[in-house]
Amino acid sequence: MGIEDYGGGQGPQSDVLVVTTNDVPGFQVQEVIGEIFGLTVRSRHLGSQIGAGLKSMIGGELKGLTKTLVETRNQAMDRLVEQARSRGANAVLMFRFDVTEAADVGTEVCAYGTAVILART
């Protein structure tokens, strides 16, 4: 697996800008649409659980679990962008992830932020 398998975020041609900041230089917020989120819950694969258990005894990165978490975060972010687009936003400000255990059977990943309409100043 290459480094591209361990990253995420938007491509350069997205019609909905997603940033972790409160504002975007050169743009003004014309309208705040409100809080939006993208959510997904993934169960653990039995094989990766066994592999992770063995790996934890000797140390090192759990690459299978890392890749799964990256895929999960990307899916949550894609859902966030779809929510923004469906509500008429062209940007999401104050973007964050929240990751929690879901009843000991999986991992819940929530991507959230504030949907807005930006205009160039």
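Note: the structure precedes this text.
Keep in mind that this is a model prediction, so the values were computed, not measured.

Overview of the overall build of the protein
Along its length, the protein carries two helices and four strands. Counted from the first residue to the last, the protein has its helices and strands arranged as β-β-α-α-β-β. The buried share of the protein, reckoned over its 121 residues, is 28%. Taking the intrachain contacts of the protein between residues at least 6 apart in sequence as the baseline, contacts between residues at least 24 apart amount to 77%. Summing over all exposed atoms, the protein offers an accessible surface of approximately 7600 Å²; the carbon and sulfur share of this is 53%.

Describing the sheet that holds strand β3 (residues 91-102)
An order of β1-β3-β4-β2 is seen for the four strands of this open sheet, with the pairing classed as mixed. Sheet topology places β1 (17-18) and β2 (27-43) at the edges, where each strand pairs with a single neighbour. Of the strands in this sheet, β1, β2, β3 and β4 (106-120) touch helix α2 (residues 63-86), which is tilted by about 140° from β2.

Brief notes about a nonpolar patch on the surface
The grouping of F37, L39 and Y112 at the surface amounts to a nonpolar patch, some 260 Å² of accessible area in total. Note on placement: F37 falls in strand β2.

Section: the pattern of salt bridges
Considering all chains together, one arrives at two salt bridges under this definition. A salt bridge links R85 to D15, with the nearest nitrogen and oxygen atoms 2.6 Å apart. Separated by 70 residues along the polypeptide, R85 in helix α2 and D15 in the segment before β1 bring together distant segments of the chain. Note on R85: relative accessible area 32%, which makes it partly exposed. Where E82 meets R85, a salt bridge forms, and the shortest distance between an N and an O atom there is 2.3 Å. Of this pair, E82 and R85 both sit in helix α2, three residues apart, which is roughly one turn of that helix. Several salt bridges converge on common partners, so that one network encompasses D15, E82 and R85.

Rules used throughout
Residues numbered from 1 in each chain as written. Predicted model: local features only at pLDDT ≥ 70, side-chain atom pairs only at ≥ 80, totals over all residues. Heavy atoms only, no water. Helix = DSSP H or I, 4+ residues; strand = E, 2+ residues; numbered from the N terminus. Buried < 20%, exposed > 50% of the residue type's maximum accessible area, 1.4 Å probe, protein only. Contact = heavy atoms within 4.5 Å. Areas by Shrake-Rupley, 256 points an atom, 1.4 Å probe, with all protein chains shown as cover. Pairing = 2+ DSSP bridges. Axes fitted to C-alpha atoms, helices over the stretch in contact; angles between N-to-C directions. Patch = residues over 30% accessible without salt bridge, like charges linked within 9 Å, V, L, I, M, F, W, Y side chains within 5 Å. Salt bridge = Lys/Arg side-chain N within 4 Å of Asp/Glu carboxyl O.

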